[in-house]
Amino acid sequence: MNRTSLSTHGVRWLMGLSFGLVAWQGAGAQTFKMPCQVEGVIPALDDRKIPPEKIEVEIQSMGKNIFLKVNGSKLYQVQASSLTTDDFAGKNLTSSKQLGAVRKHQLTGFVSEVRIERETVTLYAYHDIVYRGKNVRLQFEGPCTLPAQ
């Protein structure tokens, strides 16, 4: 498959996922899983690199809310959603170019964001963490593989 057809396939798949998630809201939440190969960096610590890792992104929709969860080692665990609660303020970042959400912890101010670019099926994420006693932001990104249809 050439790059053009992969991009077209990726856009169609993620667009279908976005619209399909809404259709499943009444039938209960279905979770879509997608593997990605990511590499992280902590800009505040002289761009300290975090070892690359294969992670898995879970995408779920319930009602009008989107939930994105990155499963990996401790540093690569991130959750973001559009849901707003007493503890978190969430926002849906989904558009024609990306699928995503951001959430901010009301008490600590820590922010987590997960986005998947539709055209390239690339994951972009960050979250605020305490690393060696300092509050820092860990950013990571990498290509994802669409699930078989």
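Just above, that's the structure.
Figured I'd write up the structure that's included with this text.

Calculation rules
- Residues numbered from 1 in each chain as written.
- Predicted model: local features only at pLDDT ≥ 70, side-chain atom pairs only at ≥ 80, totals over all residues.
- Heavy atoms only, no water.
- Helix = DSSP H or I, 4+ residues; strand = E, 2+ residues; numbered from the N terminus.
- Polar contact = N/O pair within 3.5 Å; in protein donor to acceptor, adjacent residues only side chain to side chain.
- Contact = heavy atoms within 4.5 Å.
- Disulfide = S-S within 2.5 Å.
- Core = buried A, V, L, I, M, F, W, Y, C linked by side-chain atoms within 4.5 Å.
- Buried < 20%, exposed > 50% of the residue type's maximum accessible area, 1.4 Å probe, protein only.
- Phe/Tyr/Trp six-rings, centres within 6.5 Å; stacked < 30°, edge-to-face > 60°.

Our focus in this paragraph is the side chain of T122. By the secondary structure assignment, T122 is in strand 8 (residues 122–131). In terms of polar contacts, T122 uses its side chain to reach the side chain of T120, at 2.8 Å. Apart from residues lying up to four places away in sequence, T122 is in contact with R115, I116, E117, G142 and P143.

Here the focus is the side chain of S82. Position of S82 among the secondary structure elements: in the loop between strand 4 (78–81) and strand 5 (88–92). Side-chain polar atoms of S82 contact the side chain of N65, separated by 3.0 Å. A polar side-chain atom of S82 sits 2.9 Å from the main-chain amide nitrogen of I66. For S82, the contacting residues outside a window of four places in its chain are K64, N65, I66, G90, K91, N92 and A101.

Every disulfide links exactly two cysteines, by a covalent bond between their sulfur atoms. If you walk through the whole model with that rule in mind, you get one disulfide. Between C36 and C144 runs a disulfide, and the two sulfur atoms are separated by 2.0 Å. Judged by the torsion about the S-S bond (95°), the C36/C144 disulfide is right-handed. Of this pair, C36 sits in strand 1 (residues 32–42) while C144 is found in the segment after strand 9 (134–143), placing the two residues 108 residues apart along the sequence.

With that settled, the discussion passes to the nonpolar core. Of all hydrophobic cores here, the largest spans 29 residues; its most connected members are I55, V57, I59, V114, L123 and F140. The dominant element in this core, judged by the number of residues it contributes, is strand 1, at five residues. Those residues in contact with F140 that sit more than four places away from it in its chain are V38, E39, G40, V70, Y76, V78, L123, Y124, A125 and H127.

The subject of this paragraph is the packing of aromatic side chains. Within this structure, the stated rule accounts for one aromatic pair. Here the aromatic rings of Y76 and F140 are separated by 5.0 Å at their centres, their planes lie at 85°, and the arrangement is edge-to-face. Residue Y76 is located in the loop between strand 3 (65–71) and strand 4, and its partner F140 is located in strand 9; the two are separated by 64 residues in the primary sequence. On the basis of relative accessibility, which here comes to 3%, the residue F140 falls in the buried class.

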